[in-house]
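Commentary on secondary and tertiary structure
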Amino acid sequence: MLLQLLLYNRENGVSRHAVIEALYGETSEVDTSNNLNATVSQLRKLLKETHLPQENYIHVRFDRYYFESSFLTWVDTEEVTALRQEADLTSGNPRMELLYQICDLFHGRFLPELDGEIWATIASAEYQRLYRDSLNEICRSLKERGSYDEILRLTSMAAKQF
């Protein structure tokens, strides 16, 4: 869960308090400082054992944790957000293409294995809203053109995700 939290918040990092709360809960009675240090150390070790370039990916600055790499790291949630922002500035067919890309990227709930974690639940609701709004707009446009088969295809895919 630590890696997912760091990747999701890689632009601004995550405060030590937020990491401890996400990993151990707000009312945890364990020694959270030692556990956090051990967890970060374990994640660093696991990352070194991968086929990724040998780097220190986890950085701590001013009591905030960051994931940083020398290579491009693509995160689908960042892509969905960027596509929606671009779509909001566009119209016509280019807008529809961007909305289709959002729908293609969305594959159900955001990090379902983290259901119950407040930060993940809030993020999940936001990405579902972006997906739903994009899908609704596409379907309205398709309805105006009488493209009912495409509406059925898209909404059938949506139904499978939820």
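Refer to the structure above for everything that follows.
Please read these numbers as outputs of a predicted model, since none were measured by experiment.

**Here's the deal with the pairing of strand 3 (residues 64-67)**
Here strand 1 (residues 14-15) runs beside strand 3; their pairing, made up of two bridges, is antiparallel. Looking across to strand 3, one finds that V14 is bridged to Y65. Bridging between strand 2 (residues 58-61) and strand 3 involves four bridges; their strand directions are antiparallel. Its bridge partner lying in strand 3, V60 is registered against Y65. Connecting strand 2 to the antiparallel partner strand 3 that follows it, the hairpin turn spans two residues, and F62 within it adopts a positive phi of roughly 50 degrees.

**Observations concerning the packing of helix 4 (residues 76-88) against helix 6 (residues 118-145)**
As a packed pair, helix 4 and helix 6 sit with axes 11 Å apart at the nearest point and diverge in direction by 45 degrees. With respect to helix 6, the element helix 4 is oriented oblique. Where helix 4 crosses over helix 6, the handedness of that crossing is left-handed. Taken together, the residues of helix 6 that come into contact with helix 4 (itself represented by T77, V80, T81 and R84) are Y127, L130, D133, S134 and E137.

**Looking at the packing of aromatic side chains**
Geometrically, a pair of aromatic rings is defined through the distance of the ring centres and the angle of the planes. Taken as a whole and judged by the stated rule, the model has eight aromatic pairs. Arranged with centres 6.4 Å apart and planes meeting at 85 degrees, the rings of Y8 and Y127 form a pair that is edge-to-face. Pair noted here: Y8 is in helix 1 (residues 2-8) and Y127 is in helix 6, with a separation of 119 residues, a long-range link. For Y8, a relative accessible area of 26% gives the class partly exposed. For Y127, a relative accessible area of 10% gives the class buried. With centroids separated by 6.2 Å and ring planes inclined at 80 degrees, the aromatic side chains of F110 and W119 adopt a geometry described as edge-to-face. Comparing F110 with W119, the two get one shared label, buried. Ring pairs connect the aromatic residues Y8, F110, W119 and Y127, which therefore count as one cluster. The cationic tip of R61 hangs over the ring face of Y66; the distance from NZ or CZ to the ring centre is 4.3 Å.

**Points about the nonpolar core**
Counting 40 residues, the largest nonpolar core has L6 and W119 as the members making the most contacts within it. Counting residues per element, the ones that place at least two in this core are helix 1, helix 2 (16-24), helix 3 (32-48), strand 3, helix 4, helix 5 (92-105), helix 6 and helix 7 (148-161). Tallying contributions element by element places helix 6 first for this core, with 10 residues. Once residues lying within four places of it in the same chain are set aside, the contact partners of W119 are Q4, L5, Y8, A22, F110, L111 and L114.

**What about the pattern of salt bridges?**
Using the criterion set out here, one finds 10 salt bridges in the structure. Here E137 and R95 are joined by a salt bridge, their closest N and O atoms 2.5 Å apart. With E137 in helix 6 and R95 in helix 5, the pair connects residues that are 42 residues apart, well separated along the chain. Judged by relative accessible area, which is 16%, E137 ranks as buried. Its relative accessible area of 13% is what places R95 among the buried residues. Among the charged side chains, a network of salt bridges with common partners joins R84, D88, R95 and E137.

Reading guide: rules and limits
- Residues numbered from 1 in each chain as written.
- Predicted model: local features only at pLDDT ≥ 70, side-chain atom pairs only at ≥ 80, totals over all residues.
- Heavy atoms only, no water.
- Pairing = 2+ DSSP bridges.
- Helix = DSSP H or I, 4+ residues; strand = E, 2+ residues; numbered from the N terminus.
- Axes fitted to C-alpha atoms, helices over the stretch in contact; angles between N-to-C directions.
- Parallel < 35°, antiparallel > 145°, perpendicular 65-115°, else oblique.
- Left-handed = near helix turned anticlockwise from the far one by under 90°.
- Contact = heavy atoms within 4.5 Å.
- Phe/Tyr/Trp six-rings, centres within 6.5 Å; stacked < 30°, edge-to-face > 60°.
- Buried < 20%, exposed > 50% of the residue type's maximum accessible area, 1.4 Å probe, protein only.
- Lys NZ or Arg CZ within 6 Å of the ring centre and 35° of its normal.
- Core = buried A, V, L, I, M, F, W, Y, C linked by side-chain atoms within 4.5 Å.
- Salt bridge = Lys/Arg side-chain N within 4 Å of Asp/Glu carboxyl O.

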